Every structure is written in structure tokens, then in C-alpha cells.
Amino acid sequence: MTSHVPNEARVIPLRPRAQRPEAAPAAPPAVPERRRPAAREPLWRDLVGDVLRRERLAQERTLKEVAETARISMPYLSEVERGRKEASSEVLAAAAGALGLGLGDLLARAQGELVRLAARHAGPGRGPGSSGARYDGMCLAA
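Going by an unreviewed UniProt entry, the chain carries the name Helix-turn-helix domain-containing protein and comes from Streptomyces plicatus.

If you want it as C-alpha cells, here you go:
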């Protein structure tokens with residue numbers, strides 16, 4: 001056992017330090033090749049929130065009306081619509097019901113949006129008709 005001094009950190013290097021030749025000039029650091037960032041896959045909560053908001057606005061209803069009908073607090077429903085909260089299936093069913101939709105209708109619309117966005121961001125040969133499609137079925141994550 002080794003003894004240590006209380007309240008004193010011990011540093012253990014994860015990699016040994018590289019040995020630098022003394023006479024060789026330092027080479028400039030290599031600049032990594034810049035790649036276009038990969039398209040971020042949409043989050044389920046964003047898709048569901050977008051569907052809820054679009055349906056509410058299409059019905060020309062206020063957030064307050066829908067929240068009261070669904071018995072959800074207005075700030076929470078707003079957070080769900082903006083994709084800030086991961087709502088439970090009970091909350092999603094209540095919000096969908098307040099808009100005259102079933103939970104299955106809400107999820108089917110969100111899944112359709114997911115397929116549409118995936119097709120837009122897919123590379124060549126990765127579209128919905130190709131054998132390498134990323135989203136081939138219904139995606140339920142509520």
C-alpha cells in the first residue's frame with residue numbers, strides 16, 4: 001500500500017508522454033478535414049409536439065382551450081408542443097383527445113412526419129423506396 005496525504009489529488013496519466021526529438025523542428029498541427037455535419041435525426045418529442053401544435057392551430061384554438069379540455073396545465077402543454085418535454089402516453093392521449101384525435105392518430109401523423117424528414121435528409125440510395133431505408137415501419141416511442 002502506498003501512503004497518501006489527505007486532501008491531495010494524485011494524477012495518473014492515461015497515456016505516456018510522447019518523446020520529442022530535441023533537434024527536429026516542430027511540425028504545425030494537422031488541420032482536420034472539414035466535413036459537412038451529418039443531419040441530426042429528429043427527436044420523437046419534437047415530431048409529436050409539431051403535430052399537436054399544427055392541429056391546434058388548424059382548429060384555430062388557443063393553448064388555454066386545449067389545455068383546459070385535456071386537463072393539462074397550459075405551461076406544460078406549451079413545453080410539449082415545443083418539444084421541450086417528453087410527455088407520457090397519458091398526457092399525449094389527453095392532448096390528442098382534446099383535439100379530437102386518438103392516440104393512434106397522433107402517433108401515425110408523427111410517424112408520417114418522421115418518414116418525410118428521413119427521406120429529405122437521406123443520402124443517395126437511402127430514400128424510402130431503397131433497400132437501405134432507415135425507417136421502414138411505424139416508430140412508436142410514447
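## Looking at the overall build of the chain
Along its length, the chain carries 5 helices and 0 strands. Counted from the first residue to the last, the chain has its helices and strands arranged as α-α-α-α-α. In the chain, buried positions account for 24% of the 142 residues. Surface accessibility of the chain: about 11,100 Å² in total, with carbon and sulfur atoms responsible for 53%.

## Quick word on the packing of helix α1 (residues 44–58) against helix α3 (residues 74–81)
Contact geometry of α1 with α3 gives a least axis separation of 7 Å together with a crossing angle of 115°. Contact residues: α1 offers R45, G49, D50, L52, R53 and R56, while α3 offers S78, V80 and E81. In the contact of α1 with α3, the residues fall into 2 nonpolar, 2 polar and 5 charged.

## Thoughts on α1
Taking 1.5 Å of rise per residue, the 15 residues of α1 would be expected to cover 21 Å, and the 21 Å separating its terminal C-alpha atoms lies within 8% of that figure. Buried residues of α1: W44, L47, V48, G49, V51, L52, E55 and R56, and no others. Phi turns positive one or two residues past the end of α1, at E60, with a value near 55°.

## Here we look at helix α5 (residues 103–121)
The first and last C-alpha atoms of α5 sit 27 Å apart over 19 residues, in line with the 27 Å expected at 1.5 Å per residue. Considered for burial, the residues of α5 that qualify are L106, L107, A110, Q111, E113, L114, L117 and A118. End-on view of α5: buried residues confined to an arc of 160°, all on one side of the axis. Residues of α5 that are buried make contact with α1 and α4 (89–98).

## A closer look at the nonpolar core
Within the largest apolar cluster, 24 residues are counted, with the highest numbers of intra-cluster contacts made by V48, L52, L77, L92 and L106. Aside from chain neighbours lying at most four places away, what touches V48 is L92, L106 and A110.

## Some remarks on the side chain of S78
In this fold, S78 is placed in helix α3. Residue classification places S78 among the buried positions, given a relative accessible area of 15%.

## Observations regarding the environment of D46
With respect to the element layout, D46 can be found in helix α1. Not counting the four nearest positions on each side in its chain, D46 is found in contact with R40, R82 and G83.

## Things to note about unusual backbone geometry
Positive phi outside glycine occurs at E60, with the angle close to 55°. Note that E60 resides in the loop between α1 and α2 (63–70). Phi at R71 takes a positive value of approximately 60°, unusual for a residue other than glycine. Positionally, R71 belongs in the loop between α2 and α3. The class of R71 is exposed, set by a relative accessible area of 79%.

## Some words on the side chain of E81
With respect to the helices and strands, E81 occurs in helix α3. Excluding anything up to four places from it in sequence, E81 contacts G49, D50, L52, R53, R56 and L63.

Rules of the game
- Residue positions within a chain follow its written sequence, with the count starting from 1.
- With pLDDT at 70 or above as the cut-off, local features in this predicted model cover only qualifying residues; side-chain atom pairs require 80 or more to be listed or tallied, and sums for whole chains, interfaces and linings still use all residues.
- To get the side-chain values, all heavy atoms of the structure are used, and hydrogens and water are removed first.
- A run of H or I in DSSP becomes a helix once it reaches four residues, and a run of E becomes a strand once it reaches two; helices and strands are each numbered from the N terminus.
- Throughout this description, buried means an accessible area under 20% of the type-specific maximum (1.4 Å probe, protein chains only), exposed means over 50%, and partly exposed covers the range between.
- Residue exposure ignores everything except the shown protein chains as possible cover, and the areas themselves are Shrake-Rupley values with a 1.4 Å probe.
- Only the stretch in contact is used when a helix axis is fitted, and all axes are lines through C-alpha atoms; the angle between N-to-C directions ranges over 0 to 180 degrees.
- Contacts are assigned to residue pairs that have any heavy atoms within 4.5 Å of one another.
- Under the grouping applied here, Gly and all other residues not named as nonpolar or charged are polar, the nonpolar ones being Ala, Val, Leu, Ile, Met, Phe, Trp, Tyr, Cys and Pro and the charged ones Asp, Glu, Lys and Arg.
- To estimate how far a helix should reach, multiply one less than its number of residues by 1.5 Å.
- Arc, as used here, means the arc of the directions from the helix axis to the C-beta atoms.
- As used here, the term nonpolar core means buried Ala, Val, Leu, Ile, Met, Phe, Trp, Tyr and Cys residues forming a set that is joined through side-chain atoms within 4.5 Å.

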